[in-house]
Amino acid sequence: MTLAAHFVSPTSLTADLVDSIYVGGRWVLGTGDEIETVDPATSTVFATLHSAGVEDVDTAVQGGIDAAHRSGWATMLHHERAAVLHRIGNSIEYNADRIAALQTLDTGKTLTETRALALSAANTFRYMAAALETMDGVLTTPRGPWMTMSTHEPMGVIGAITPWNSPIASDAQKIAPALAAGNAVVAKPPVWAPWVTLLLARLCDEAGLPAGLLSVIPGPGRTVGEALVRHPDVAKVTFTGGTSTGRHLAHVAADKLMPITLELGGKSPTIVFDDADVERALQGVLYGIFSSSGQSCIAGSRIFVQRSLFEHFTNELVARAGRLRLGPGTDPSTDVAPMITLAHRDSVARMVDNAVLAGARTLCGGAVPVEGRLADGAYYPPTVLTDVTNTDAICQEEIFGPVAVIMPFDDELDLVEQANDTAYGLACGIWSQDYRRALRIAKAIDAGTVWVNTYKQFSISTPFTGLRDSGLGTEKGRDAVRHYSNQKSIYLDTSESPIAWGRN
Ligand code: NAD
């Protein structure tokens, strides 16, 4: 393992950058290729890791089955399982700075953001513990001489596949409810950002989760991820990632008749009416697209502004975007941190260049920084494009970078038609002081989440769903634990006489 000098004392991170993955309760050298993990702020390699290989998948799945059996996790009383999840949540909170430092190193994100993600993961574990502990079973109304009940049983081994953009939060969103429901979990983080999920496994272990119940096997999607989804003993997969990968995995799941939850891409409309509180709208729209450097499935990347406000709003937005500070995630004054890799940054730049060739006008940003400390990292400046129509590629394709398109609209009908004219259906922002109108539009927009006069705010108690190409199924909320359970109906006979049938 190599470790480059970095903002956090290397010794403090060394323990979390050990070249081993967690398979079936053992820390082992992955059987896959050796990968280099790179700090996006400087493009320097800070550690190497033997990633998981296909054979680790089977060991992890079998390890999960054995651990569930050995530890009695599946049949443990709810409050006993909940106690372990509570301890994991508390441990995440206690280690929030350590998690944040590691995630910033691995993904480039600002420390403010990675710390918030760590705290949200802690809350997710504690919320799922509380949901589990307070979840009642159901006695159904009998329609005969029986006592009838509906119970929920663990499914077995859950495959949890996550992208690189918010590792600890998306891990927790899947792992916490799946464990709560009594399952074992095999988590497959991406090779680009494996370290935080591995650290989470350490914290789970220390918090008393029976060894083997959670395996973490960072590896390439096409081999390791695919083998996990195809494994005959994996009972359900929960996936967050790109739409084309998700669509492919839905086919694989269909062949196995296996349930799958898909949280996929987006191209979310943000709508500003001329009666909006303009100051709040500017702040919210700016945050909605440029926070996380736009590397967010819910980024408000298609901005529609009512024509009477369009010029003023656009000018102000562009001026403020120009004032956002591009810099490393470790610098407290940074607003927009680097992107995950140089390759991803270049693909964002290509999409913008193609849009300009097709007639779009760049109002700000639009060029890779080539000077100073930004030249080495995967930086791309906040970019706003106009003179586009909603059907253009730049308005329809997910960019996953700090790039917004801004368009005027004339009336509600025109607006709803344009906003819904997309393959995706993930999120929407509405800025208006007329709540009747906002609610009307909120209902008319095809999206799993709509924010009115705010954006990109989350609560673990509120379900999250993607419609159309943005996904299948729901995460978060109390019912999340149920989504990792098999429902079973039990009839207990209460009659005095046997079933009357035939001549017996
Ligand atoms: P991706 O689809 O390339 O990869 C996501 C994960 O899937 C990675 O762990 C990858 O290794 C794995 N994978 C890839 N091919 C696989 C296969 N054939 N079988 C099994 N696993 C496979 O996506 P990405 O580029 O890492 O992430 C960005 C995408 O994720 C964007 O489209 C973004 O919108 C989406 N996303 C969605 C949400 C949401 O909640 N809706 C949240 C975050 C990110």
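Residues numbered from 1 in each chain as written. Predicted model: local features only at pLDDT ≥ 70, side-chain atom pairs only at ≥ 80, totals over all residues. Heavy atoms only, no water.

- In the annotation of an unreviewed UniProt entry, the protein is listed under the name Aldehyde dehydrogenase and assigned to Rhodococcus sovatensis.
- The heading Sequence similarities (unreviewed entry) in the UniProt record of the protein holds the text "Belongs to the aldehyde dehydrogenase family." (UniProt positions renumbered as here; feature names shortened; annotations may be inferred.)

1. Observations concerning the overall build of the protein
Reasoning step 1: Per the secondary structure count, the protein includes 15 helices and 24 strands.
Reasoning step 2: Taking 23 Å as the expected radius of gyration for a compact globule of 504 residues, we find that the protein reaches 24 Å, a close match to that expectation.
Reasoning step 3: Seen through its principal axes, the protein has C-alpha atoms that stretch 85 × 55 × 40 Å.
Reasoning step 4: Split into buried and exposed, the 504 residues of the protein put 56% on the buried side.
Reasoning step 5: Considering only contacts in the protein between residues 6 or more positions apart, those separated by 24 or more positions represent 74%.
Reasoning step 6: Summing over all exposed atoms, the protein offers an accessible surface of approximately 21100 Å²; the carbon and sulfur share of this is 54%.
Reasoning step 7: Taking the average place of the 39 positive charges on the side chains of the protein and the average place of its 54 negative ones, the gap between the two points comes to 4 Å. (Helix = DSSP H or I, 4+ residues; strand = E, 2+ residues; numbered from the N terminus. Rg over C-alpha atoms; globule rule 2.2 N^0.38 Å. Buried < 20%, exposed > 50% of the residue type's maximum accessible area, 1.4 Å probe, protein only. Contact = heavy atoms within 4.5 Å. Areas by Shrake-Rupley, 256 points an atom, 1.4 Å probe, with all protein chains shown as cover. Lys, Arg positive; Asp, Glu negative; His and termini not counted. Charge placed at Lys NZ, Arg CZ, Asp CG, Glu CD.)

2. Overview of the sheet that holds strand E16 (residues 403-409)
Reasoning step 1: The strand order E14-E15-E16-E13-E12-E18-E19 describes an open sheet built from seven strands, whose pairing is mixed. In this open sheet, the two strands that pair with only one neighbour each are strand E14 (361-364) and strand E19 (449-452). Between one strand axis and the next, the sheet turns through 25 degrees on average, direction left out of account.
Reasoning step 2: Here strand E12 (residues 269-272) runs beside strand E18 (residues 427-431); their pairing, made up of three bridges, is parallel. When the sheet's bridge partners are listed, Ile271 is paired in E18 with Ile430. (Pairing = 2+ DSSP bridges. Axes fitted to C-alpha atoms, helices over the stretch in contact; angles between N-to-C directions.)

3. Brief notes about the site of the ligand
Reasoning step 1: Near the ligand, the surroundings consist of 25 residues, among which Thr162, Glu226, Thr245, Leu264 and Glu398 are the closest.
Reasoning step 2: The side chain of Thr245 places a nitrogen or oxygen atom 2.7 Å from an oxygen atom of the ligand.
Reasoning step 3: Taken by itself the ligand offers 850 Å² of open surface, and the protein chains cover 85% of this.
Reasoning step 4: Of all the secondary structure elements, the ones that give two or more residues to the shell around the ligand are helix H8 (221-230), strand E10 (234-240) and helix H9 (243-256).
Reasoning step 5: For the shell around the ligand, the class distribution of residues is eleven nonpolar, ten polar and four charged.
Reasoning step 6: Domain assignment of the residues forming the shell around the ligand places at least three in each of domain 1 (10-264 + 470-489) and domain 2 (269-452). (Near = heavy atom within 4 Å. Polar contact = N/O pair within 3.5 Å; in protein donor to acceptor, adjacent residues only side chain to side chain. Nonpolar A, V, L, I, M, F, W, Y, C, P; charged D, E, K, R; others polar. Domains from an automatic or database assignment.)

4. With respect to the packing of aromatic side chains
Reasoning step 1: Evaluation of the coordinates by the stated rule reveals eight aromatic pairs.
Reasoning step 2: Ring plane angle 70 degrees and centroid distance 5.6 Å describe the contact between Trp451 and Phe458, whose orientation is recorded as edge-to-face.
Reasoning step 3: For Phe458, a relative accessible area of 47% corresponds to the partly exposed category.
Reasoning step 4: Residues Phe458 and Phe464 carry aromatic rings whose centres are separated by 5.5 Å and whose planes lie at 85 degrees to one another, so their mutual orientation is edge-to-face.
Reasoning step 5: Here the aromatic cluster, defined as three or more aromatic residues joined through ring pairs, consists of Trp451, Tyr455, Phe458 and Phe464.
Reasoning step 6: Seen from the ring of Trp27, Arg202 lies directly overhead, with NZ or CZ sitting 3.9 Å from the centre.
Reasoning step 7: The positively charged end of Lys236 is found above the aromatic ring belonging to Tyr484, 4.8 Å away from the centroid. (Phe/Tyr/Trp six-rings, centres within 6.5 Å; stacked < 30°, edge-to-face > 60°. Lys NZ or Arg CZ within 6 Å of the ring centre and 35° of its normal.)

5. So, helix H6 (residues 167-180)
Reasoning step 1: With 14 residues, H6 should cover 20 Å at 1.5 Å per step; its first-to-last C-alpha distance of 20 Å lies within 8% of that length.
Reasoning step 2: The element H6 is largely enclosed, with a buried count of 14 among its 14 residues. (Expected span 1.5 Å × (residues − 1).)

6. A few points about helix H14 (residues 412-420)
Reasoning step 1: Every buried residue belonging to H14 is among Leu415, Val416, Gln418, Ala419 and Asn420, and all of these are buried.
Reasoning step 2: The N-terminus of H14 is capped by Asp411, whose side-chain oxygen sits 3.2 Å from the backbone nitrogen of Leu413.

7. Things to note about the environment of Ala358
Reasoning step 1: With respect to the element layout, Ala358 can be found in the loop between helix H12 (342-357) and E14.
Reasoning step 2: In this structure Ala358 comes out as exposed when scored by relative accessible area, which is 71%.
Reasoning step 3: Between the C-alpha atom of Ala358 and that of Ile394, which follows or precedes it by 36 residues, the distance is 9.4 Å.

8. Here we look at the nonpolar core
Reasoning step 1: Counting residues in each nonpolar core, the largest one holds 87 residues, and the members touching the most others are Ile88, Ile92, Phe125, Leu209, Leu214 and Ile217.
Reasoning step 2: When residues of this core are assigned to their parent elements, the largest contribution, nine residues, is made by helix H5 (residues 111-133).
Reasoning step 3: Apart from residues no more than four positions distant in its own chain, Leu209 is found in contact with Trp73, Val84, Ile88, Leu179, Cys204 and Leu214.
Reasoning step 4: Listed in part, the 33 residues of the second largest apolar core include Ala276, Ile289, Ala299 and Tyr379. (Core = buried A, V, L, I, M, F, W, Y, C linked by side-chain atoms within 4.5 Å.)

9. Thoughts on the UniProt feature "active site" (unreviewed entry) in the protein
Reasoning step 1: Here, the residues flagged by UniProt with the feature "active site" (unreviewed entry) are Glu263.
Reasoning step 2: Position of Glu263 relative to the elements: it lies in strand E11 (residues 260-263).
Reasoning step 3: Since its relative accessible area comes to 3%, Glu263 is described here as buried.
Reasoning step 4: In this view, Glu263 contacts Phe239, Thr240, Gly241, Phe464, Thr465, Gly466, Ser470, Gly473, Thr474 and Glu475; residues no more than four positions away in its chain are not counted.

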